[in-house]
Amino acid sequence: MNKRILAKWLRCGFLDQGTRYPTTAGVPQGGIISPVISNLGLDGLEAIVQGSSWQRSIHNLNYVRWADDFLVTATSRQV
């Protein structure tokens with residue numbers, strides 16, 4: 001997604017019963033933009049977790065992603 005458009009979307013505020021409220025911080029939970037933001041972050045996490053095949057096999061790393069949810073498993077909590 002174009003980051004410039006995303007930034008404008010995040011700053012545009014929201015409407016509630018015809019009244020416009022400015023966006024001061026964060027993303028509203030359940031809002032239409034929430035999955036987009038989550039997936040942008042998860043794309044980066046996935047790239048890190050996927051790493052090299054050697055590291056994945058040594059630490060038994062597995063990464064499962066469904067929409068904007070994820071699960072990472074490994075041989076230890078520290079990994």
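Rules behind the numbers
- Residues numbered from 1 in each chain as written.
- Predicted model: local features only at pLDDT ≥ 70, side-chain atom pairs only at ≥ 80, totals over all residues.
- Heavy atoms only, no water.
- Helix = DSSP H or I, 4+ residues; strand = E, 2+ residues; numbered from the N terminus.
- Rg over C-alpha atoms; globule rule 2.2 N^0.38 Å.
- Buried < 20%, exposed > 50% of the residue type's maximum accessible area, 1.4 Å probe, protein only.
- Contact = heavy atoms within 4.5 Å.
- Areas by Shrake-Rupley, 256 points an atom, 1.4 Å probe, with all protein chains shown as cover.
- Lys, Arg positive; Asp, Glu negative; His and termini not counted.
- Charge placed at Lys NZ, Arg CZ, Asp CG, Glu CD.
- Pairing = 2+ DSSP bridges.
- Phe/Tyr/Trp six-rings, centres within 6.5 Å; stacked < 30°, edge-to-face > 60°.
- Expected span 1.5 Å × (residues − 1).

Chemist: Which parts of the structure should I look at to understand the overall build of the protein chain?
Modeler: The number of helices and strands found in the protein chain is three helices and four strands. In sequence order, the secondary structure elements of the protein chain are arranged as α-β-β-α-α-β-β. Against the globule reference of 12 Å for 79 residues, the protein chain gives a C-alpha radius of gyration of 17 Å, more extended than a compact globule. Based on the C-alpha atoms only, the size of the protein chain along its principal axes is roughly 55 × 20 × 20 Å. For the protein chain, the proportion of its 79 residues judged to be buried stands at 10%. Put simply, 24% of the contacts in the protein chain that link residues at least 6 apart link residues at least 24 apart. Surface summary for the protein chain: the accessible area is close to 6,400 Å², and the carbon and sulfur share equals 57%. Taking the 8 positively charged and 5 negatively charged side chains of the protein chain as two groups, their mean positions are separated by 11 Å.

Chemist: Is there a simple way to think about the pairing of strand β4 (residues 69-73) in this case?
Modeler: Taken residue by residue, a regular strand's side chains alternate between the two faces of the sheet. As judged from the five bridges shared by strand β3 (residues 62-66) and β4, these two strands associate in the antiparallel manner. Within β4, the position partnered with N62 by the bridge is T73. Connecting the antiparallel pair β3 and β4 is a turn made up of two residues, with A67 showing a positive phi of about 55°.

Chemist: What am I meant to see in the packing of aromatic side chains here?
Modeler: The geometry of an aromatic ring pair is captured by the separation of the ring centres together with the interplanar angle, meaning the angle of the planes. Tallied over the entire structure, the rule returns one aromatic pair. Aromatic pair Y63 and F70: ring centres 6.4 Å apart, planes at 20°, arrangement stacked. Judged by its relative accessible area of 13%, Y63 falls in the buried class.

Chemist: What is the right way to read helix α2 (residues 34-50) from this model?
Modeler: Given 3.6 residues per turn, any residue in an α-helix points the same way as the ones three and four places further on. Taking 1.5 Å of rise per residue, the 17 residues of α2 would be expected to cover 24 Å, and the 24 Å separating its terminal C-alpha atoms lies within 8% of that figure. One or two steps after α2, the chain reaches G51, where phi turns positive at roughly 35°.

Chemist: For this particular structure, what's the right way to read unusual backbone geometry?
Modeler: With glycine set apart, most residues show a phi of negative sign, and most peptide bonds adopt trans. One non-glycine residue, Q17, lies in the positive phi region at around 50°. Note on placement: Q17 falls in the loop between β1 (14-16) and β2 (19-21). Residue classification places Q17 among the exposed residues on the basis of a relative accessible area of 79%.

Chemist: So what exactly am I meant to see when it comes to the environment of Q55 here?
Modeler: Following the sequence through the fold, Q55 ends up in helix α3 (residues 53-59). Other than its neighbours up to four places away in sequence, Q55 contacts N60 and L61.

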